[in-house]
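# Survey of secondary and tertiary structure
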Amino acid sequence: MVTIRPITITGEPVLHTRAIEVAVITEEIRQLVADMYETMEAAPGVGLAAPQVGIGLRIFVFDWDDGDTHYRGEAINPELELSELSEEWPDEDSEVEGCLSIPGERFPLKRANVALLRATNLKGERYEINATGWLARIFQHEFDHLNGTLYADRLLKPYAREMKKIIKSEGWGVPGNSWMPGKDFLEP
Ligand code: ZN
């Protein structure tokens, strides 16, 4: 049976800790990945990392259609190679990012334009995707999650200040908060 799992909110220690490698793809891992797809879909989101459902393992799932190709998959023990990051200020319309673990908020953030993902799927096969644009952004965001980094940790100062205030006013930034896709935080 596939289950929607609650999504952890910033402050939960698993979100701020480096996740560990998956040693063997067991039935438990297959169940986790199936639940992650279900949870991502319900949220709804374009990516979800295992720490966001409270599991400190190096797994994320993604689901993105760039108009040409539908990219959907699980990335187990991923590696990511990035193109150089521009030092320009992020565009406040086209380079805005959000996170299911900081629900309802969005802030501008610059990401590398190209990201080469190498990862293992549930069959245990290694694969590669050379991503650009939004898919590259998704990969960077989800990969960060596996290293205990949220996009909030990468924001430029004025945005970081605003984000800090929001997190405090919501009562987040401490352990114990989560939300249930399909029930809480109905997306605008
Ligand atoms: Zn996130």
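An account of the accompanying structure is given in this report. On a predicted model such as this, the values are computed, not experimentally measured, just so you know.

### Observations regarding the overall build of the chain
- Counting its secondary structure elements, the chain contains three helices and nine strands.
- Viewed in the frame of its principal axes, the chain has a C-alpha envelope of about 45 × 35 × 30 Å.
- Across the 188 residues of the chain, 47% fall into the buried class.
- Within the chain, residue pairs in contact and separated by at least 24 positions form 69% of the contacts whose partners lie at least 6 positions apart.
- One finds the centroid of the 19 positive side-chain charges in the chain at a distance of 6 Å from the centroid of its 32 negative side-chain charges.

### Focus: the coordination of the zinc ion
- Distances from the zinc ion to its protein donors, namely C99 (SG), H141 (NE2) and H145 (NE2), fall within the range 2.0 to 2.3 Å.
- All donors of the zinc ion come from a single chain, and their spacing in sequence reads C-x41-H-x3-H. Of this pair, C99 sits in the loop between strand 5 (96-98) and strand 6 (106-108) while H141 sits in helix 2 (residues 133-146); the two residues are 42 residues apart in sequence, bridging distant segments of the chain. Taken as a pair, C99 and H141 share a single burial class, namely buried.

### Considering the packing of aromatic side chains
- A full pass over the atoms with the stated rule returns six aromatic pairs.
- A centroid spacing of 5.0 Å and a plane angle of 80° characterise the contact between F62 and F139, whose relative ring orientation is edge-to-face. With a gap of 77 residues between them, F62 in strand 3 (residues 59-65) and F139 in helix 2 connect regions that are remote in the sequence.
- Residue class for F62 comes out buried when judged on its relative accessible area of 1%.
- Using a relative accessible area of 0% as the deciding quantity, one classes F139 as buried.
- Pairing W64 with W134 gives two aromatic rings, centres 6.3 Å apart and planes at 40°, and the pair type is tilted. Pair noted here: W64 is in strand 3 and W134 is in helix 2, with a separation of 70 residues, a long-range link.
- What makes W64 partly exposed here is its relative accessible area of 23%.

### Considerations on the pairing of strand 3
- Most of strand 3 sits out of view: five of its seven residues are buried.
- Summarising the sheet, strand 2 (residues 47-49) and strand 3 pair through three bridges and their orientation is antiparallel. Residue pairing for strand 3: G47 is matched across the bridge by F62.
- Summarising the sheet, strand 3 and strand 4 (residues 70-82) pair through seven bridges and their orientation is antiparallel. If you follow F62 over to strand 4, its bridge partner there is G73.

### A closer look at helix 2
- For helix 2, which comprises 14 residues, the first-to-last C-alpha distance of 21 Å matches the rise-based estimate of 20 Å (1.5 Å per residue) to within 8%.
- What helix 2 keeps buried is the set L135, A136, R137, I138, F139, Q140, H141, E142, F143, D144, H145 and L146.
- Summarising the contacts, the buried residues of helix 2 are in contact with strand 2, strand 3, strand 4, strand 5, strand 7 (114-120) and strand 8 (126-132).
- Of the residues flanking the end of helix 2, it is G148, one or two places downstream, whose phi is positive at about 75°.

Reading the values: the criteria
- Per chain, residues are indexed from 1 in the order of the written sequence.
- Under the rules for a predicted model, residues below a pLDDT of 70 receive no local features and side-chain atom pairs below 80 are neither given nor counted, while totals for whole chains, interfaces and linings still include all residues.
- Only hydrogens and water are removed before side-chain values are computed, so all heavy atoms of the structure are retained for them.
- Secondary structure elements follow DSSP: runs of H or I no shorter than four residues count as helices, runs of E no shorter than two count as strands, and numbering proceeds from the N terminus.
- We call a residue buried when its accessible area falls under 20% of the maximum for its residue type, exposed when it is over 50%, and partly exposed in between, using a 1.4 Å probe and counting protein chains only.
- Contact between two residues is taken to exist if any of their heavy atoms lie within 4.5 Å; hydrogens are not considered.
- His residues and chain termini do not enter the charge count, which takes Lys and Arg as positive and Asp and Glu as negative.
- To locate a charge, the coordinates of NZ of Lys, CZ of Arg, CG of Asp or CD of Glu are taken.
- Because water is not among the atoms used, a metal site may look incomplete, as its donors are only the N, O and S atoms within 2.8 Å, or 3.2 Å for Na, K and Ca.
- Centres within 6.5 Å make a pair out of two Phe, Tyr or Trp rings, where for Trp the six-membered ring is used; the pair is then stacked when the planes are under 30 degrees apart, edge-to-face when over 60, and tilted otherwise.
- Pairing between two strands requires that DSSP report at least two bridges joining them.
- One less than the residue count of a helix, multiplied by 1.5 Å, gives the span that helix is expected to have.

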